[in-house]
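One-letter residues, chain by chain:
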Amino acid sequence: MRTGRLEAFSDGVLAIVITIMVLELKAPEDTTFQSLLSVAPVFISYVLSFIYIGIYWNNHHHLFQISHKVNGSVLWANLHLLFWLSLIPFTTSWLGENEHYYEALPVATYGFVLLMSAVAYFILERTLIKNHDKDYLLARLIIYKVKDYVSTALYIIAIPLAFVYTWLAIVCYAIVALIWLMPDKKMETLIDEVEV
């Protein structure tokens, strides 16, 4: 099977995820600066989650630019990733509303969903490698996974840290997002090789 339908379905799901998140944003009831500040935590959690969804969409796009075929295992691995990403609006809402960013469980749950999304992406990569031949470009990139290891370590540190210092856990999640905002030049170089 070719990748087109999988990509279109994934794009649609991620667009819906972002739509759900933005619909959770409520305008302040008053027109004062204080009223605007009262919705800042919800907005900040939305921005962080939007960045995460954007990172996953971008990486997913690159991943399937170098993939030539999919099978049932790849479809299920992709659905597994989409499942965890589809939980981000729930955890975003729980984290941002009613000052829950001070509470351990919403902060830890947000981190757990991010960790499981990363694990699901890793599984998707491994499934794609298994589905392609030994010359598959992604197999060459697997050795350059420093960002993956650092991200996973930060998630694993941040989740229990949420029960001690919620703000430090949130900072860990923001650091992971910043790490992934930097484009992966190796992947783009490989895509350019394929297109030439």
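Because the structure is predicted, anything quoted here is derived from the model rather than measured.

Each helix and strand in the protein was counted, giving ten helices and zero strands. When the elements of the protein are put in sequence order from the N terminus, they spell out α-α-α-α-α-α-α-α-α-α. Here the C-alpha atoms of the protein give a radius of gyration of 18 Å, agreeing with the 16 Å that 2.2 N^0.38 yields for 196 residues. Once the C-alpha set of the protein is aligned to its principal axes, its extents read approximately 60 × 30 × 30 Å. Counting across all 196 residues of the protein, residues that qualify as buried make up 44%. Intrachain contacts of the protein at a sequence separation of at least 6 include 79% that bridge at least 24 residues.

Across all of its chains, the model carries nine aromatic pairs by this definition. On the basis of an interplanar angle of 75° and a centroid distance of 5.1 Å, the ring pair of phenylalanine 83 and tryptophan 84 is categorised as edge-to-face. Among the residues examined, phenylalanine 83 registers a relative accessible area of 44% and is labelled partly exposed. Their ring planes at 45° and their centres at 6.5 Å tell us that tyrosine 155 and tyrosine 173 sit as a pair that is tilted. Placement of tyrosine 155 in helix α8 (residues 146–161) and of tyrosine 173 in helix α9 (residues 166–181) is noted, with a sequence separation of 18 residues between them. Under the relative-accessibility criterion, tyrosine 155 is labelled buried at 2%.

A few words now on the packing of α8 against α9. α9 packs onto α8 with a crossing angle of 165° between their chain directions and a minimal axis gap of 8 Å. The pairing of α8 with α9 is recorded here as roughly antiparallel in orientation. Relative to α9, the crossing made by α8 is left-handed. Side by side, α8 and α9 meet where Lys147, Asp148, Val150, Ser151, Leu154, Tyr155, Ala158, Ile159 and Leu161 of the first sit next to Thr166, Leu168, Ala169, Cys172, Tyr173, Ile175, Val176, Ile179 and Trp180 of the second.

Conventions adopted
- Residues numbered from 1 in each chain as written.
- Predicted model: local features only at pLDDT ≥ 70, side-chain atom pairs only at ≥ 80, totals over all residues.
- Heavy atoms only, no water.
- Helix = DSSP H or I, 4+ residues; strand = E, 2+ residues; numbered from the N terminus.
- Rg over C-alpha atoms; globule rule 2.2 N^0.38 Å.
- Buried < 20%, exposed > 50% of the residue type's maximum accessible area, 1.4 Å probe, protein only.
- Contact = heavy atoms within 4.5 Å.
- Phe/Tyr/Trp six-rings, centres within 6.5 Å; stacked < 30°, edge-to-face > 60°.
- Axes fitted to C-alpha atoms, helices over the stretch in contact; angles between N-to-C directions.
- Parallel < 35°, antiparallel > 145°, perpendicular 65-115°, else oblique.
- Left-handed = near helix turned anticlockwise from the far one by under 90°.

Worth remembering: the numbers are spatial, not functional.
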